[in-house]
Each structure stands twice: as C-alpha cells, then as structure tokens.
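What the coordinates show
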Amino acid sequence: MQQQQQEEEEEEEEAEAWLLDSLRLYNDLHVFELQDPSRVIEWTGEKRICVAGYDHTRRNEIIQLLLPQRLYVKENQGLCPERDFKVECGGFSNQPVYSLKHVPETSLLVTSGPREESLQVWGVAPEESDVIKPLGTIPTARGDQQAWTRIATTFSKSAWVLHGLTVGSIQVTEIESKKTVFTAASSSTEEVSTLAFLDPSTVLACTPKGELFLADVRQPRGLLGAAEGACVPPARGEERWCAAAGPGPQTSGGEKPLLARLSSGGRILLTESRNLASPVRAAECCVPTAAPRRAEFLSISFAPLLRDCVAVSGFDGTVHVYDPHDWAPSPQQARPLFVHKGHLFSSEGAAAVDAPLVTTHTWHPGKPRTLLSAASDGSLHVWDWAEPRGAS
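The paragraphs below set out a description of the structure included in this document. (Residues numbered from 1 in each chain as written. Predicted model: local features only at pLDDT ≥ 70, side-chain atom pairs only at ≥ 80, totals over all residues. Heavy atoms only, no water.)

A short note on the sheet that holds strand β19 (residues 267–272)
- In spatial order, the strands read β17-β18-β19-β20; together these four strands make up an open sheet with antiparallel pairing. Edge positions in the sheet fall to β17 (241–245) and β20 (281–284), since each of these pairs with one other strand and no more. Ignoring strand direction, the axes of neighbouring strands in this sheet form an average angle of 15 degrees.
- Of the strand pairs in this sheet, β17 and strand β18 (residues 258–263) are connected by five bridges, and their pairing is antiparallel. Looking at the pairing, A244 lines up with A260 of β18. (Pairing = 2+ DSSP bridges. Helix = DSSP H or I, 4+ residues; strand = E, 2+ residues; numbered from the N terminus. Axes fitted to C-alpha atoms, helices over the stretch in contact; angles between N-to-C directions.)

Quick word on unusual backbone geometry
- Residue K157 is not a glycine yet carries a positive backbone phi of 70 degrees.
- Mapping K157 onto the fold places it in the loop between β10 (150–155) and β11 (159–164).
- Even without a glycine there, the phi angle at D308 is positive, about 70 degrees.
- Mapped onto the fold, D308 is located in the loop between β21 (299–302) and β22 (310–313).
- You can call D308 buried: its relative accessible area is 6%. (Buried < 20%, exposed > 50% of the residue type's maximum accessible area, 1.4 Å probe, protein only.)

What to know about the sheet that holds β22
- Reading across from one edge, β21-β22-β23-β24 is the order of the four strands in this open sheet, with antiparallel pairing throughout. Of all strands in the sheet, those with a lone pairing partner are β21 and β24 (338–340), marking the two edges. If you compare each strand with its neighbour and ignore which way they point, the axes differ by 20 degrees on average.
- Sheet topology note: the β22/strand β23 (residues 319–322) ladder contains four bridges and is antiparallel. By the bridge assignment for β23, S313 is matched with V319.

Description of the environment of P234
- Inspection of the secondary structure assignment puts P234 in the loop between β16 (212–216) and β17.
- Sequence-wise, P234 and K209 are 25 residues apart; in three dimensions their C-alpha atoms are separated by 8.7 Å.
- Once residues within four sequence positions are removed from consideration, P234 is found in contact with E239 and R267. (Contact = heavy atoms within 4.5 Å.)

A word on the packing of aromatic side chains
- Evaluated as defined, the whole model comprises eight aromatic pairs.
- Ring centres of F32 and F85 lie 4.7 Å apart, and the angle between their planes is 75 degrees; this geometry places the pair in the edge-to-face category. On the criterion of sequence distance, the pair formed by F32 in strand β1 (residues 26–33) and F85 in the loop between β4 (60–66) and β5 (86–93) is long-range, its members being 53 residues apart.
- Given a relative accessible area of 9%, F32 falls into the buried group.
- Here the basic side chain of R39 rests over the ring of Y54, its NZ or CZ set 5.9 Å away from the ring centre. (Phe/Tyr/Trp six-rings, centres within 6.5 Å; stacked < 30°, edge-to-face > 60°. Lys NZ or Arg CZ within 6 Å of the ring centre and 35° of its normal.)

Focus: the side chain of S158
- With respect to the secondary-structure elements, S158 resides in the loop between β10 and β11.
- Classification of S158 by relative accessible area gives buried; the value is 15%.
- Among the polar contacts listed, one links the side chain of S158 to the side chain of W160, at a separation of 3.3 Å. (Polar contact = N/O pair within 3.5 Å; in protein donor to acceptor, adjacent residues only side chain to side chain.)

Re the pattern of salt bridges
- Under the defined criterion, the tally for this structure stands at ten salt bridges.
- For E88, the salt bridge identified is with R48, shortest N-O distance 2.6 Å. In this pair, E88 sits in strand β5 while R48 sits in strand β3 (residues 48–52), placing the two residues 40 residues apart along the sequence.
- Take E88: its relative accessible area is 18%, and that puts it in the buried class.
- The closest approach of N and O atoms between R218 and D216, which form a salt bridge, is 2.8 Å.
- With a relative accessible area of 62%, R218 lands in the exposed category.
- Through salt bridges that share partners, D36, D55 and R58 make up one connected network. (Salt bridge = Lys/Arg side-chain N within 4 Å of Asp/Glu carboxyl O.)

So, the environment of V358
- Along the chain, V358 turns up in strand β25 (residues 358–363).
- Looking at V358, the relative accessible area reads 0%, which means it is buried.
- On a C-alpha basis, the gap between V358 and F297 in space is 7.5 Å, while along the polypeptide they are 61 residues apart.
- In this view, V358 contacts F297, S313, G314, D316, G317, T318, V319, H343, A374 and A375; residues no more than four positions away in its chain are not counted.

Looking at the nonpolar core
- L262, I268, I300, Y322 and W327 are the most contacted members of the largest nonpolar core, which totals 20 residues.
- Secondary structure elements with two or more residues in this core: β17, β18, β19, β21 and β22.
- The biggest single contributor to this core is β18, with three residues.
- Counting 16 residues, the second largest nonpolar core, distinct from the first, contains A152, V167, F197 and V203. (Core = buried A, V, L, I, M, F, W, Y, C linked by side-chain atoms within 4.5 Å.)

What follows is the structure, encoded as structure tokens:
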C-alpha cells in the first residue's frame, strides 16, 4: 500500500514537472477531448481536419472540425476569441474507421476498416449541409479483425484511390466511375502495412517485413515486384514495419523524396526513392519496444516544412521528433529533437491510471514545428515546440 502511494506521488510530481516545463518547451499547447478516440487525423483544408471513431461495438462518428482561430491566423493578429475546435459537419459509419483519406481538390473522403469488403466514399459539403454523406462503395479484398485495406488518394485528371490488403491485391480505382486504372501483376499474399503516392504516377507499398515495392500506374498491369536492389531489414523476432514518403515540394534540383521506414523495435531507415539498395541514414530510436498487438498504431511522418525531419509515434503515450541530418548509413542510437509527453497526463495534471497510447499524429501544413496528435483516451493535442535558444 505504501509503495503504491509512493508511486502515485511520483507520478503526480512528474505530471506537475511536465506542466511547468511546458511553459518553456512549447510556444503553443492546446488540449482537447474528443467524444470518442480516433486513430485518424486527416487535413481537409488549411483550417480543417477530420477525425473518426474506431469502436467495434457500435456506429462510429466521422466529423470535420474547424481549427481554433489561433492556429491559422497570421502573426500579430492580437487576441483570438476562438480557442476550441468547432464541429462543422459529421456522419456515421457502421464500421470502425481505421483509415481516412481526403481526395485533394475535392470534397470526397475515403475510409476503410477491418472485416469490410469495400471502401466507403463520403461527401463533405459544410456550406450546404452539416452532414457528411455516404456516396457509395468501392469493392476490395476482405480483411479479418487485424488485417484491413490500406488506402491513399490523389487527383490526376480525376479522383483516384490506391488500395490493397495484400501486395497482390493492390490497385488504383477512379472513384467516380469505379474504373480500375491500375492492377498489380503479382501473386504475392504478403500483407501491406503502408500505401502511398510518391507522385500521381508512382505508388509505394511497404510490408510488415519492411519490404518496399514501387510501381508506375501508367502501366495498367504493372509488374509490382520488390523494388530492384531494395534493402530488406534483417528480421528481429516479431518486429513489424511501416513507411512514409517525404513531401515532394521540399525537394529541389530534381531530387526524389526520401522514404522512411519505422519498425516496432524502434529502428528508422531512410532511403532515396531512386536508389533503394541501401539506407542513406539509419538510427535506433529512444522508444520502448512496441508489443506486436500494438504495432498497428506505429506511425512515421516527414515534416512538410523542416527538411527531412521525422516524427514517430505508436509506442506509448508520446510523440518523438528526430532530426536525421547527422545520422550515418549504419544504425546508431539517436536522441530526439523533442518529445511530446502530454498524452501521458490527464487534463487535471495527474498521471493517468491506464497510460494512453498515441494512435496517430500529423504535421501542420503551414507551421513548421506544429503537430496534432490523438490518443486512445480520446485526447487531441495541438502543440508547437519552442526552438532551443541559440538554434538557427
């Protein structure tokens, strides 16, 4: 009993210390509570995001939120009256939402989840209605409770969705006509952990083993084989991998974006998309090893305005930001540039009994050091970390 009381006191002291540190570590810190936990945060415009529930026992709400005014006004605008998110419109999904993507240049959303035989297509029109309307479905391979279809979207003359449960089932579908634009000429049954468009004609796939696949969608039956010469990380037990591609606009001089892979063992590998033979940078992160059952929340993303910086989450209640500029091709222990610990503590400042797990994060498209993160307790944080003194 005495030991438990001591542990609780230590947790409270840690929470108080974090709150005090936040005064000097953050330029901005906003803490909100969603009605239901979300594992998606998707930008639908410069001022708007979408979140959605993933509960298996009931219908799940999909809502579009307008950001607090403080997060999108220009500098030196004085006091901002709105300090909370505003619900603009919403809808209900009969299935848990594991992935949600907005189609650029449109008001369309596409969602996927476990045990579904189709993708759900939604329409968002807050000016006309406060309802996010279901518009139709796109057939896809059916997954079990753990396996589910990964998706990515782009706009190339029309709205496209890239989707696949396994490497052999990857395809690109034109959303309006439901016409198949591209189909992978592969018989591989290897599960897909990440899908992404590198550009409107090139797609990337990553498997839980860390294998990378590339394809040109201008070939209707593209031979989607393992990228030639691609480095496959050596296996470590039940380690699982996910991936992300660097944003195209940040590259210059004809450079191709970097590709990042993150493992549940805390390894990060950065490779160039035009040369996948070996990583250009590698590191071992300062994160706890994720249990296999929690590896589904692993996430890595590139900062759109800080060249090559990456954020990782899904290991615990924190989000780590790394600057890999000094990393070598061989793995080395890396210290994070910043660690957001806010989800570990309740809004009252006391430590949570059951520590929440960060389910997703995303970068603000217009503020270099601002991120949004959500956790399994329904908390939604927006934070801008302070640049260290003396940093350029």
